[in-house]
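# Architecture and fold: a report
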2 protein chains.
Amino acid sequence: MAYDLYYWPGLPGRGEYVRLVLEAAGAPYRDVARLEGQGCGIEAMFALMRDGHHGAVPLAPPFLVDGATLVSQAAIVAAYIGERHALAPEDEAGRQFARSIAATTADFVAEAHDTHHPVGTTLYYEDQKPEALRRAVEFREQRMPKFLGWYENLLRLNSAGWLAGGRMSYADLGLFQTIEGLRYAFPRRLQAIAGDTPAVMDLAARIAAHPALADYLGSDRRLAFNEDGIFRRYLELDAD
Amino acid sequence: MAYDLYYWPGLPGRGEYVRLVLEAAGAPYRDVARLEGQGCGIEAMFALMRDGHHGAVPLAPPFLVDGATLVSQAAIVAAYIGERHALAPEDEAGRQFARSIAATTADFVAEAHDTHHPVGTTLYYEDQKPEALRRAVEFREQRMPKFLGWYENLLRLNSAGWLAGGRMSYADLGLFQTIEGLRYAFPRRLQAIAGDTPAVMDLAARIAAHPALADYLGSDRRLAFNEDGIFRRYLELDAD
């Protein structure tokens, strides 16, 4: 039976961290909020957020329905799919650490989001611009090198060339998507520091060219970054 | 063999979300950074963050070492322990949803933290006070009711009286700790809205009185909230 993925249509956002795993796995799925017709569309997503599924009510998308199971939170959903489709380490220690990595990436993504929404998600960017300018400095100068340096260290420690275990996992796909997002939102900063993390940049390039994702990344299922999403290109927030 | 927990000494923080599960489970563990002697203390924590453990390097505490496994991120570690010690739902769907809840609670906790650090963690609170005052308004008025209302709905849907499944889980312990933190950091606001979420407040009271935790909560192992942690009592950030 196909998985049902629910996420805001029109932006990659946190949904893309799930979608990439489904696509790399070649798993059948419906991207329900982007479909039309009975039981589909954004109304179907809102209905599940209101009524739940067998007692499980998600606070926010993305979430996945698989039979009687509902899983939410991008890092948890990515692990759920990855572990069922050989996109996770094979051994238990590696699986646990891959989950840890994905949760850490979710933190990094939240911090990238908060560069344009440091005061709150219920206000517009334009209403928190001075605060955003301050927070973006810290993100660019402190947080980006810290997180990227951590991934770099993990890749150097693992001769298999992945963040955890002996094969590509959802943790690697999450790093790829985050690098793509940073390339969109902070192109000057990423270019300035990319030379410090060559293994990270190489991983992103290998995943961009990976056979399992080639069709998808060139398809219209792959949504472009835009200013409704997590990674936004506001030139004033970027710098070398 | 005992678990080894690593977290900053001197504050409950995110470490407490792990410690509560270990204590409720009655699992043997060492709180390594709070111990003295060979291989203990904060230096031992820093050594693992630098050198890792079988290739797994945590970005930040809390993290847990269990034999060859290193798990980091409070929500992931809490799930790891809870699922091994009957502090998780028994069925797979419930287990997945409990993981989703714990990850959502981690988001809520990060937002509580960001009320006093909206610009960045590398700056002092005193250097971001105007931004903090703005962010705290949104947190109190929008985010607290949203998250607490969500937990309330889950408790009303589950006749067993827990957030997920038929028994107390690490997800419930995480909500308890978060309510305790809000009671410390936002006492006026929590009192003003507690009447809207009676099932949440009842859950917190039941856990505070739970036999598995009674000894611990009265012991000196239980660290008090303070202004070095996530939940800080800055009177200017609170209001009815």
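Residues numbered from 1 in each chain as written. Chains lettered and ligands numbered in written order. Predicted model: local features only at pLDDT ≥ 70, side-chain atom pairs only at ≥ 80, totals over all residues.

### A short note on the overall build of chain A
Quick note on the threshold: Helix numbering and strand numbering both begin at the N terminus, where a helix is a DSSP run of H or I of at least 4 residues and a strand a DSSP run of E of at least 2. In this description the radius of gyration comes from C-alpha coordinates, and the expected globular size is given by 2.2 Å times residues to the power 0.38. Think of it as a crowd count around each C-beta: if 20 or more other C-beta atoms lie within 10 Å the residue is buried, if 12 or fewer it is exposed, and in between it is partly exposed, with C-beta placed from the backbone throughout. Contacts here follow a simple rule: the backbone-placed C-beta atoms of the two residues must lie within 7 Å.
Of the regular secondary structure elements, chain A holds nine helices and four strands. Counted from the first residue to the last, chain A has its helices and strands arranged as β-α-β-α-β-β-α-α-α-α-α-α-α. Computed over the C-alpha atoms, the radius of gyration of chain A is 18 Å, within 12% of the 18 Å expected from 2.2 N^0.38 for a compact globule of 240 residues. Across its three principal axes, chain A shows a C-alpha extent of roughly 50 × 45 × 30 Å. For chain A, the residues scored as buried account for 50% of the 240 residues in total. A sequence separation of at least 24 residues applies to 69% of the contacts in chain A between residues at least 6 apart.

### Here we look at the domain arrangement of chain A
Residue and element names in this part refer to chain A. Counted only if it meets this: How far each domain reaches was decided by an automatic or database domain assignment. Just so you know the grouping, Ala, Val, Leu, Ile, Met, Phe, Trp, Tyr, Cys and Pro go in nonpolar, Asp, Glu, Lys and Arg go in charged, and all remaining residues, Gly too, go in polar.
In terms of domains, chain A is made up of domain 1 (3-84) and domain 2 (92-237). Centre-to-centre separation of domain 1 and domain 2, based on C-alpha positions: 21 Å. Between domain 1 and domain 2, the residue contacts involve 19 residues of the former and 22 residues of the latter. Classifying every residue of the side of domain 1 that touches domain 2 by side-chain character gives 11 nonpolar, four polar and four charged.

### Quick look at the sheet that holds strand E4 (residues 69-72) of chain A
All names here are of chain A. Formally: By definition, two strands form a pair when at least two bridges between them are found by DSSP. Working convention: axes come from line fits to C-alpha atoms, limited for helices to the stretch in contact. Angles between N-to-C directions cover 0 to 180 degrees.
Read from one edge of the open sheet, four strands run E2-E1-E3-E4, paired in mixed fashion. Strand pairing shows two members of the sheet lacking a second neighbour, strand E2 (29-31) and E4, which therefore form its edges. Strand-to-strand twist across the sheet, computed as the mean angle between neighbouring axes with direction ignored, equals 20°. On top of the sheet, helix H1 (residues 15-25) reaches strand E1 (3-6), E2 and strand E3 (63-66); it is set at about 155° to E1, its chief contact.

### Here we look at the sheet that holds strand E2 (residues 29-31) of chain B
Where strands meet in a sheet, backbone hydrogen bonds hold them as pairs that are either parallel or antiparallel. All names here are of chain B. Strand order across the open sheet formed by four strands is E2-E1-E3-E4, with mixed pairing between neighbours. The open sheet has two edge strands, E2 and strand E4 (69-72), and neither has a second partner. On average, adjacent strands in this sheet sit at an angle of 20° to one another, irrespective of strand direction. In this sheet, E4 lies alongside strand E3 (residues 63-66) in antiparallel orientation, the contact comprising four bridges. Within E4, the residue paired with Leu-64 across the bridge is Val-71. Where helix H1 (residues 15-25) meets the sheet, its contacts fall on strand E1 (3-6), E2 and E3, and the angle it forms with E1 comes to roughly 155°. Along the sheet face, helix H3 (residues 74-84) touches E3 and E4 and points at about 130° away from the line of E4.

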